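Read off the chains here:
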Amino acid sequence: MVAREKMLACTHVLHAFVPFKPADLFAKLAQSDYAQLPSDVYGDGGASDVVVERLKELFGTSGARFCIKGMIAQMAALRAAVERQGNNIVAIHRMTHFDIDEMEAVEILHPIQFRRLGTAYQPFTVDDLDKMGEVPGVVSVELPVRRAGYKLTPFEELVKISEWCRARGVHFHIDGARVFGVAEAYGKSCSEIMALCDSLYCSFYKELANIGGCGLLADEEFLAESDVWFTRHGGNVPFEFPQAITALIGLDEFLPRVGEFTAFAKALAVEFNKIDGVRTVPMVPETPNFQVHIEASKAALEAAFEKQIEADKVWLSGHTLPTIYDEVQAIEVAIGAGSMSLSVEEWAAYLSQSVGMARNEIEV
């Protein structure tokens, strides 16, 4: 694995998430009109209030909450939901990041029992819910399922899941970390997606390039019930304005460009799929995110990436992920504004070079 700090020395970085110099961020914050607002105090007032109003407008909800950390917001939402339901069973996808990326925090910290549905590489469906043999208190759908290769539940299936939940009085939560790209993929508004569920989480540091922070959308009554869990998880920090201001900048600058990012991802995948032994998952990305599966050994591919970083100042990836095949490695691609510093053809040429070095086991 290549240290992420080496990204700072690179001229071109494919991934949307790039470390930055704090001084540059502070300068950008200071130049924003939002920096002229009063500071919030424990999330009340200032930019935090503006974020909340923007979220309510975008998603068409009576309630919204800004929080510094998505893990806090989602655990607060799930705990409030199971308590309201009087049923601690939560249906999730078996590759959900609740398990893989958060060290099983939900089940360890809360009296919640997950039921893991579907297959490893496809979203679960209403049929999977029917086969549970029990009715959960909550159904949570991750859009898209990152660890399943950014596979996205079709909108028609999402509607069916919503109807299934409502017919049985089940709380429907959408884990929408990348919901802005999902809305673009569906050709729907954020409010149309929100209309299908009872609560929804969105992230500001993915498509919108914030330094952190998220939103939890629901009606005011549910948010009031979740308040105690935000506090118990340490979500009430004295000041939220750095994350809140960058969230507003992201909404202004990057939300209108999500369609552009998706189009670039699709064009890039076309070029990557022309390289021998390389395949994108999905083959045609639905959002600005996708995986690239590469036939090469882990050690050789990571060494090739590192050599390219040092020689050309180009960052394709700093590490690989395992797949079901030992001889095939995966990398993740998340397209943002910085990804467009090169054309799709130029990125493909650099990937072809890295793959060639890895396969030929050139000394690196």
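Structure: see above.
On a predicted model such as this, the values are computed, not experimentally measured, just so you know.

Draft legend 1. Quick look at the nonpolar core. With 81 residues, the main nonpolar core has Phe59, Val139, Leu200, Leu268, Phe272, Ile294 and Leu351 as its most contacted residues. The element contributing the most residues to this core is helix α14 (residues 344-360), with 7 residues. Residue contacts for Leu268: discarding those within four places in its chain leaves Leu14, Phe290, Val333, Ile335, Val344 and Trp347.

Draft legend 2. A look at the environment of Phe305. With respect to the helices, strands and loops of the structure, Phe305 is situated in helix α13 (residues 298-312). For Phe305, a relative accessible area of 1% corresponds to the buried category. In sequence terms Phe305 and Ser317 are 12 residues apart; their C-alpha atoms lie 6.5 Å from each other. When residues no more than four places from it in sequence are discounted, the contact partners of Phe305 are Ile294, Leu316, Ser317, Thr320, Ile331, Leu351 and Ser354.

Draft legend 3. Summary view of the sheet that holds strand β3 (residues 89-93). Pairing is mixed in the open sheet, where 7 strands are placed in the order β2-β8-β7-β6-β5-β3-β4. A single partner strand is all that each edge strand has here, and the edge strands are β2 (63-67) and β4 (113-117). Averaged over neighbouring strand pairs, the angle between their axes works out to 20° when direction is ignored. Both strand β6 (residues 171-176) and strand β7 (residues 199-203) contribute to a ladder of 4 bridges, which runs parallel. Within the sheet, the bridge partner assigned to Ile174 lies in β7 and is Leu200. Docked against the sheet, helix α10 (residues 220-232) engages β2, β6, β7 and β8 (214-218), running at close to 25° with respect to β2.

Draft legend 4. Representation of the packing of helix α12 (residues 258-272) against α14 in the model. The N-to-C vectors of α12 and α14 enclose an angle of 40°; their axes lie 9 Å apart at closest approach. Classed by the angle they form, the pair α12 and α14 counts as oblique. In this structure, α12 crosses over α14, and the sense of that crossing is right-handed. Only Val344, Glu345, Trp347, Ala348 and Leu351 of α14 make contact with α12, whose side of the interface consists of Phe264, Ala267, Leu268, Glu271 and Phe272. When grouped by side-chain class, the residues that make up the contact of α12 with α14 number 8 nonpolar, no polar and 2 charged.

Draft legend 5. Expanded view of the environment of Ala304. Tracing the chain through its elements places Ala304 in helix α13. Here the alpha-carbon distance between Ala304 and Arg359, two residues 55 residues apart in the chain, equals 9.4 Å. When sequence neighbours within four positions are dropped, the list of residues in contact with Ala304 reads Ser354, Met357 and Ala358.

Draft legend 6. Fine view of the sheet that holds strand β10 (residues 289-295). The sheet built from 4 strands is open, its strands ordered β9-β10-β13-β12 with antiparallel pairing. Looking at which strands have only one partner, the edges of the open sheet turn out to be β9 (278-281) and β12 (321-322). As judged from the 4 bridges shared by β9 and β10, these two strands associate in the antiparallel manner. Within β10, the position partnered with Thr280 by the bridge is Val292. Strands in contact with α12 are β9, β10 and β13 (328-334); relative to β10, the strand with the most contacts, it is inclined by about 10°. Here α14 sits on the sheet in contact with β9 and β10, set at roughly 35° to β10.

Draft legend 7. Main features of unusual backbone geometry. The linkage connecting Leu143 with the following residue, Pro144, adopts the cis geometry, with an omega of -20°. Along the chain, the position of Pro144 falls in the loop between β5 (138-142) and α7 (155-168). With an omega of -5°, the peptide bond running from Val281 to Pro282 counts as cis. Along the chain, Pro282 turns up in the loop between β9 and β10. At Tyr150, a residue that is not glycine, the phi angle is positive and equals roughly 60°. Relative to the assigned elements, Tyr150 resides in the loop between β5 and α7. In this structure Tyr150 comes out as buried when scored by relative accessible area, which is 3%.

Draft legend 8. Here's a closer look at the packing of aromatic side chains. The full count for this structure, using the stated rule, is 6 aromatic pairs. Taking the centre distance of 5.2 Å and the plane angle of 65° together, the rings of Phe155 and Tyr186 count as edge-to-face. Here Phe155, found in helix α7, pairs with Tyr186, found in helix α8 (residues 179-186); they are 31 residues apart in sequence, far enough to count as distant. We note that Phe155, like Tyr186, is buried.

Conventions adopted
- Residues numbered from 1 in each chain as written.
- Predicted model: local features only at pLDDT ≥ 70, side-chain atom pairs only at ≥ 80, totals over all residues.
- Heavy atoms only, no water.
- Core = buried A, V, L, I, M, F, W, Y, C linked by side-chain atoms within 4.5 Å.
- Buried < 20%, exposed > 50% of the residue type's maximum accessible area, 1.4 Å probe, protein only.
- Helix = DSSP H or I, 4+ residues; strand = E, 2+ residues; numbered from the N terminus.
- Contact = heavy atoms within 4.5 Å.
- Pairing = 2+ DSSP bridges.
- Axes fitted to C-alpha atoms, helices over the stretch in contact; angles between N-to-C directions.
- Parallel < 35°, antiparallel > 145°, perpendicular 65-115°, else oblique.
- Left-handed = near helix turned anticlockwise from the far one by under 90°.
- Nonpolar A, V, L, I, M, F, W, Y, C, P; charged D, E, K, R; others polar.
- Phe/Tyr/Trp six-rings, centres within 6.5 Å; stacked < 30°, edge-to-face > 60°.

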